[in-house]
Amino acid sequence: MAIPGNLLAAATESMDPTYTGWRVRLNCTLLSGTGGRNGPKCLAVRSVAAGETQAETVTAYPVTVGQVYQVFADSSSATEVERIGLEWLTSLGATVGSILWSLPTASASASWHRVGVAGVAPAGAARVRIILSSTAAGAAVSHYWENVYLGAPFRTTGNLFSFATETPEIDTSAWTAGTNTTISRQAPMSTWAVDWYWAGAHVLALTAVGAGTASAVTAENPSVVAGIEYYGYAHLSPPTTGSNTWIELRFFNAGGTQLSATRSTLAPASTGFQRQRVSASAPAGAVTCRLAVGIDSATAAQVMRVEQAVVTAAPTLQAGSVVPMADASFEQGVAGWTKTAGVATIARSTPWGSVALESAYALTISSATATASTIRSARFPLSAGAAGLGFRLQFGETVTAGGWTVTRGIRWYDAANTDLGLTATSAGAAPAPGWWLLSTDQTAPAGATQAAVELTLMATAASSVINVDRVALWQALPLVTVAAVEATASVTLTLRELTIGDLIRVYRVTADGARSLVRGPSGLLDGTVATTSDLMVIEDAEAPLLVPVSYSVELIDPVDGSLETRTAGAVTVPHADINEAWLKDPGNPQRNTKVLVKAAPNWQRTAERGVYRVAGRRNAVVLSDVLGGLEGDLVIWTRTDEERKALHYLLDPGHVVLWQAAPGLGVDDMYVSVGQPTEGRVGGPATEQWREWSLPLTEVDVPTTVGVNGSLGRTWQDILTEFTSWAAVRDEFATWEDVFLNRRG
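Values in this document were obtained by computation on a predicted structure and should not be read as measured data. (Residues numbered from 1 in each chain as written. Predicted model: local features only at pLDDT ≥ 70, side-chain atom pairs only at ≥ 80, totals over all residues. Heavy atoms only, no water.)

Considerations on the overall build of the protein chain
(1) Moving on: Secondary structure summary: the protein chain contains seven helices and 53 strands in total.
(2) Moving on: Taking as baseline every contact in the protein chain between residues at least 6 positions apart, the subset at least 24 positions apart corresponds to 74%.
(3) Moving on: With the model as given, the accessible surface of the protein chain reaches about 31900 Å², and the carbon-plus-sulfur share is 55%.
(4) Moving on: Between the mean site of the 49 positive side-chain charges and the mean site of the 64 negative ones, the protein chain shows a separation of 2 Å. (Helix = DSSP H or I, 4+ residues; strand = E, 2+ residues; numbered from the N terminus. Contact = heavy atoms within 4.5 Å. Areas by Shrake-Rupley, 256 points an atom, 1.4 Å probe, with all protein chains shown as cover. Lys, Arg positive; Asp, Glu negative; His and termini not counted. Charge placed at Lys NZ, Arg CZ, Asp CG, Glu CD.)

Take a look at the structure:
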């Protein structure tokens, strides 16, 4: 699997089919090894004699002074530790400064593990070369490498913190040590998934100077908005399974005074890295935040390790849910949940990862006796005008001991917190074993502005235990909606309450029953693409003009192949002027443009044939192939400089273009390749903006693997976090489209 954004060629990254991108630098021979995980092959670096061995890339890759570059690789050796380095070079190949080395790994391991480092390209550097290093105890000792990356730093999309805070691949300057603490970098042997690129090389290490609390806090204090829920996490590695390690989200006012702190304590299942999460809403007056990590009751010299620190706007477990992350996912405790009746006890599950539907914890309800108990969440505000609307409650449950019946309900409140009563289902047996999603639809009564989730749980046996997770409450909306957008000549198709992981197939259906696959981010949505969210918004810019279309959505269970079909009613894309046509780039709808047509093409179709005149025969022998597609010149006008520039913008990449004209003109929607265009003035003064274009068109097939480009979750906050100035943005990206698509120079 190619690593996104890698400056290395695929073979140099994966060593497949061989290691042609690498050469000997010091005391070694190179061989093609087996057992790789980014493809079947790997690079074996075999020592010639005892001592350090080094391999390097054949190519020196271009860099920009002042930009941060990250390098990492997966490595394996049962006997040797290793390091990886960047050698900065001038345009003539001379070394600039010293080699930037990672720390040597703390121990050797035959398991694939991550090594890496990051740093700023120094003044004078024009290129960089990667060096792989290990020290052999003797001759003929092999060290294995693969999955090598060089490029812009990997950071979590949406993270309010910069790369330097998220991971200490550069240094530890983005963190501040608390009292009784020293901080440093370490390179423990850590095994991560081959396609997990956001952690694994250097980690932050907090060492307790003496007995007591050891902590560290981010030096960065990114901006926040009061009232917005934020979500933080980090991978924590405690010194022992009995250690009290934690993560804390802190909010500050404009004067730097701390307004609140929400702590989430790890219930460790091991001393390995475990992702601990914390969430909270920014209180009134909050303008910045920080993330803190620590260990309480530490003994002198104990070390806690931290990797991948993130704070972002809190995601929703279900689109439109009013339940905050803490109350929905139980990562930091039971949040606002209480027991209002019965003998049952409630607590966060333990240890980390033992039972959970979402993330690492669940709400555990235990009853010593076969009796009923009621648990209730905090009150959650509803959107304005909620009265009379339908709401859907959904949660996951798993029975781990005994048996239960469950009554699912919503308790409603008005603005004065007056209880308006409970609407609920009748009791039903909790299904087991495994996780099950239970739901109910209820209507908000008059005056309702708040709601709480209320569950009545009847234990059917003594010592019964049930776990609840992923609680959501949202206004029930249609599963499929469609809307035409005249300005972009497209249809917006919204799909709700999808099951994450289902394969999706989407058809556009015309009145005659003809079906065409709709395009998604990775190509046509043909049943090979898995859903990644319960909400999916598809902008279909290839829908025909002035023709009613409907949509058929097929959701396929990847395990048993079962099929769920959803349909959407007819919708028509408006088109006001039949003299205008649309030219569209299927993969880049931001380039689509509308033009004025002067003359449609006079079509030709190429005929590939051979004519053979046989002596003594009147008629020739003709061998022919099928006729080719349509070819002809489309003549159009652009009326303003803006239209002219937009047409250049569309044609510049040389992509396949969709030509759409109004129906009834004898021209079907057609995918075409545009040949050498001709742009001419229409006469008049030099200031005349009209231009006449002749576009040679050749009909082609629908592009099937072209995906619709997008920002992939990136926002302006990511730009503000990653770059110190607009000048730095300008230096990294050539156009605003490159900024949008994260196409770096």
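Some words on the sheet that holds strand S21 (residues 303-313)
(1) Moving on: Read across the sheet, five strands follow the order S13-S14-S21-S16-S19 without closing on themselves; strand pairing throughout is antiparallel. Taken across any chain shown, the strands that pair with only one partner, and hence form the sheet edges, are strand S13 (181-186) and strand S19 (274-281). Taking each pair of neighbouring strands and ignoring which way they run, the sheet shows an average axis angle of 30°. (Pairing = 2+ DSSP bridges. Axes fitted to C-alpha atoms, helices over the stretch in contact; angles between N-to-C directions.)

A short note on the sheet that holds strand S18 (residues 258-265)
(1) Moving on: Taken in spatial order, the five strands line up as S12-S15-S20-S17-S18 in an open sheet, and their pairing is antiparallel. Edge positions in the open sheet fall to strand S12 (175-177) and S18, since each of these has one partner strand only. Adjacent strand axes in the sheet meet at a mean angle of 25°, parallel and antiparallel pairs treated alike.

Structural notes on the packing of aromatic side chains
(1) Moving on: If you walk through the whole model with that rule in mind, you get 20 aromatic pairs.
(2) Moving on: Measuring from centroid to centroid gives 5.1 Å for Phe72 and Tyr149, while their planes differ by 25°, and the two rings are stacked. Residue Phe72 is located in strand S6 (residues 68-77), and its partner Tyr149 is located in strand S11 (residues 142-151); the two are separated by 77 residues in the primary sequence. In this structure, Phe72 and Tyr149 share a single accessibility class: buried.
(3) Moving on: Between Trp716 and Trp726, the ring centres sit 6.2 Å apart and the planes meet at 70°, which makes this aromatic pair edge-to-face. In this pair, Trp716 is assigned in helix H5 (residues 716-722) and Trp726 in helix H6 (residues 726-732), connecting sequence segments 10 residues apart.
(4) Moving on: Among the aromatic residues, ring-to-ring pairing joins Phe72, Tyr149, Phe154, Trp196, Tyr197 and Trp198 into one connected group.
(5) Moving on: Above the plane of the ring of Tyr361 lies Arg348, whose end atom (NZ or CZ) is 4.0 Å from the centre. (Phe/Tyr/Trp six-rings, centres within 6.5 Å; stacked < 30°, edge-to-face > 60°. Buried < 20%, exposed > 50% of the residue type's maximum accessible area, 1.4 Å probe, protein only. Lys NZ or Arg CZ within 6 Å of the ring centre and 35° of its normal.)

Some remarks on unusual backbone geometry
(1) Moving on: Residue Pro351 is reached from Thr350 by a cis peptide bond, and omega for that bond is -5°.
(2) Moving on: Mapped onto the elements of the fold, Pro351 is located in the loop between strand S23 (345-348) and strand S24 (363-367).
(3) Moving on: Pro433 follows Ala432 through a cis peptide bond whose omega is -5°.
(4) Moving on: As for its placement among the helices and strands, Pro433 is situated in the loop between strand S30 (428-429) and strand S31 (436-443).
(5) Moving on: We note that Ala301 has phi near 75°; this positive angle belongs to a residue other than glycine.
(6) Moving on: With respect to the helices and strands, the residue Ala301 is situated in the loop between strand S20 (288-298) and S21.
(7) Moving on: Of note in the backbone geometry, Ser359 takes a positive phi value of approximately 65° without being a glycine.

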